[in-house]
Amino acid sequence: MAIKKIMVIGAGQMGSGIAQVCAQAGFHVVLNDMNEAALEKGLGNIEKLLTRAVEKERINEEDKEATLARLTSSSSLEASSDCDLVIEAVIENMDVKASVFQQLDEIAPAHAILATNTSSLPITDIAALTKRPEQVIGMHFMNPVPVMKLVEVIKGLQTSEETYETIRNIAINLGKTPVEVNDFPGFVANRILIPMINEAIYTVYEGVASVEDVDTVMKLGMNHPMGPLTLADFIGLDTVLAIMEVLHEGFGDSKYRPCPLLKKYVKAGWLGKKTGRGFYQYD
Ligand code: CAA
């Protein structure tokens, strides 16, 4: 199926990054958020990153202007009525996602594919809320979206091969490398990454080493670009906890129990970079 127009729902860090790469790849994009201030911030970030790309001579001024011209915004889901693909990137909460998918199922054209950027919620469950489960799929981008090459393409139980192939090709058109993944808690990326981060938090909790030293071990010892605690702050500690809880509940295995220190930080509102404090402090 030919995809021309894409709606991205959620103008946060992930949604605005997804909208940017889609517009840069030549698609017409509607960035949607019910919060007008978030929408403005998301569009502002895209413009800033495109300006930086011009300064770095990765694109020219015309590319930037053409990308921005392909990008519009809307605070209503009604704008999905002429879209061929919708990529949802709202918060990791099943009730919120369920409401979005049920509305989209009514508004988006019958041929449209409904994709979710969920980092761990079951695609099969989200698909079952719609009357088009064969056209529902996971499209899990990594943060920061404009830089990271991976997209996990997750098939729900009822996702059709045609939907999978279309999304795989879109990911390639966006300059990404798609990886086919089946629908299990945490998929692949977060099933491996988030327990590693949780273990790093336990290491601090048990007094084995300081936050800085745990990060140094993983940066210098394993060549990770950033230490696990810096990365946790960057992802958001609420998101890290939500994913650990999905793994814990989904597998019913105590090896996935979230570290009490992680829970405590989230309760305190220390959510990482976005709130100015997590394992580190930010200006
Ligand atoms: N948006 C767009 N571009 C960005 C960016 C952002 N938020 N942050 C950095 N960049 C770009 C910079 O512009 C720079 O590009 P140029 O050199 O062409 O200017 C490039 O990335 C490198 O940036 P820096 O030199 O400032 O910093 P760095 O070398 O430390 O790289 C990084 C930054 C790419 C983020 C790197 O630290 C990294 O790879 N970190 C790990 C990221 C990671 O693991 N992501 C996965 C998170 S998990 C996830 O997303 C899944 C989930 O569901 C939780």
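Not measured: the values here are computed from a predicted model.

Even after reading the chapter, I still don't get the packing of helix H2 (residues 36–55) against helix H3 (residues 61–69), so can you show me in this structure?
Helix packing geometry: the angle between the two helix axes and the distance between the axes. H3 packs onto H2 with a crossing angle of 160° between their chain directions and a minimal axis gap of 9 Å. If you check the angle between H2 and H3, you find them roughly antiparallel. Considering how the two elements wind past one another, H2 and H3 form a crossing that is right-handed. Facing Ile 46, Glu 47, Leu 50, Thr 51 and Val 54 of H2, the residues of H3 in contact are Glu 61, Lys 64, Thr 67 and Leu 68. Per-class residue counts for the contact of H2 with H3 are 4 nonpolar, 2 polar and 3 charged.

Any chance you could explain the packing of helix H1 (residues 13–24) against H2 here in plain terms?
For the pair H1 and H2, the least separation of the axes is 9 Å and the interaxial angle reads 50°. When the interaxial angle is binned, H1 and H2 end up oblique. Crossing of H1 over H2 shows right-handed handedness. Judged by residue contacts, Ser 16, Ala 19, Gln 20 and Gln 24 of H1 engage Gly 42, Ile 46, Leu 49 and Leu 50 from H2. For the contact of H1 with H2, the residue count by class is 4 nonpolar, 4 polar and no charged.

What's the story with the pattern of salt bridges in this structure? I'm lost.
Note on pairing: side chains with opposite charge can pair once their charged atoms come close. In the structure shown here, the tally under the stated rule is 10 salt bridges. When the shortest N-O distance is used, the salt bridge between Glu 61 and Lys 64 registers 3.9 Å. One end of the pair, Glu 61, and the other, Lys 64, are both in helix H3, 3 residues apart, so they sit about a helical turn from each other. Between Arg 132 and Asp 105 there is a salt bridge, with the nearest N and O atoms lying 2.8 Å from each other. Taken together, the residues span a long stretch of sequence, with Arg 132 in the loop between helix H5 (123–127) and strand E6 (136–141) and Asp 105 in helix H4 (residues 94–107) at a distance of 27 residues. Put simply, Asp 105, Glu 106, Lys 131 and Arg 132 are held in one network by salt bridges that share partners.

Before we go on, may I ask you to explain the nonpolar core in this structure?
Most often, soluble globular proteins keep nonpolar side chains buried together rather than apart. Of all hydrophobic cores here, the largest spans 37 residues; its most connected members are Leu 85, Ile 87, Met 139 and Phe 141. Examining the composition of this core, we find that 6 residues originate from one element, H1, more than from any other. Not counting the four nearest positions on each side in its chain, Leu 85 is found in contact with Ile 3, Lys 5, Ile 6, Met 7, Ile 113, Ala 115, Ile 167 and Ile 170.

Looking at this model, I keep getting lost on the domain arrangement of the protein. Mind explaining?
It is common to give the size of an interface as the accessible area that goes away when the parts come together. Along its sequence, the protein is organised into domain 1 (5–182) and domain 2 (190–275). Summarising the inter-unit geometry, the C-alpha centres of domain 1 and domain 2 are found 26 Å apart. With 7 residues of domain 1 at the contact, the number on the domain 2 side is 5 residues. Together domain 1 and domain 2 conceal approximately 530 Å² of surface at their shared face, both sides included; 57% is due to carbon and sulfur atoms. Inspection of the domain 1/domain 2 interface yields 0 salt bridges. Inspection of the region where domain 1 meets domain 2 yields 1 residue pair in polar contact (both at pLDDT 80 or more).

Could you clarify how one ought to interpret the packing of aromatic side chains in this entry?
Counted under the stated rule, the structure contains 4 aromatic pairs. Here Tyr 202 and Tyr 205 contribute two aromatic rings whose centre-to-centre distance is 6.1 Å and whose plane-to-plane angle is 70°, an arrangement assigned as edge-to-face. Of this pair, Tyr 202 and Tyr 205 are both found in helix H7 (residues 189–205), 3 residues apart, which corresponds to roughly one turn of the helix. Taking relative accessible area as the criterion, Tyr 205 reaches 44% and is therefore assigned partly exposed. Taken together, a centroid distance of 5.0 Å and an interplanar angle of 70° make the contact between Tyr 265 and Trp 270 edge-to-face. Judged by relative accessible area, Tyr 265 falls into the buried class, the value being 17%. Among the aromatic residues, ring-to-ring pairing joins Tyr 265, Trp 270 and Phe 279 into one connected group. A cation over an aromatic ring shows up here: Lys 155 above the ring of Tyr 164, its NZ or CZ 4.6 Å from the ring centre.

Can you help me understand the site of the ligand in this one?
If you check the shell around the ligand, you find 18 residues, and the closest are Arg 52, Arg 58, His 140, Asn 143 and Asn 190. Between Arg 52 and the ligand, the recorded distance is 2.7 Å, taken from a side-chain N or O atom to an oxygen atom. One of the side-chain nitrogen or oxygen atoms of Arg 58 is found 2.8 Å away from an oxygen atom of the ligand. Calculation on the ligand without its partners gives an accessible area of 1000 Å², and the protein chains cover 63% of this total. Both domain 1 (5–182) and domain 2 (190–275) contribute no fewer than three residues apiece to the shell around the ligand.

How each quantity is defined
- Residues numbered from 1 in each chain as written.
- Predicted model: local features only at pLDDT ≥ 70, side-chain atom pairs only at ≥ 80, totals over all residues.
- Heavy atoms only, no water.
- Axes fitted to C-alpha atoms, helices over the stretch in contact; angles between N-to-C directions.
- Helix = DSSP H or I, 4+ residues; strand = E, 2+ residues; numbered from the N terminus.
- Parallel < 35°, antiparallel > 145°, perpendicular 65-115°, else oblique.
- Left-handed = near helix turned anticlockwise from the far one by under 90°.
- Contact = heavy atoms within 4.5 Å.
- Nonpolar A, V, L, I, M, F, W, Y, C, P; charged D, E, K, R; others polar.
- Salt bridge = Lys/Arg side-chain N within 4 Å of Asp/Glu carboxyl O.
- Core = buried A, V, L, I, M, F, W, Y, C linked by side-chain atoms within 4.5 Å.
- Buried < 20%, exposed > 50% of the residue type's maximum accessible area, 1.4 Å probe, protein only.
- Domains from an automatic or database assignment.
- Buried area = accessible area lost by both parts, 1.4 Å probe.
- Polar contact = N/O pair within 3.5 Å; in protein donor to acceptor, adjacent residues only side chain to side chain.
- Phe/Tyr/Trp six-rings, centres within 6.5 Å; stacked < 30°, edge-to-face > 60°.
- Lys NZ or Arg CZ within 6 Å of the ring centre and 35° of its normal.
- Near = heavy atom within 4 Å.
- Areas by Shrake-Rupley, 256 points an atom, 1.4 Å probe, with all protein chains shown as cover.

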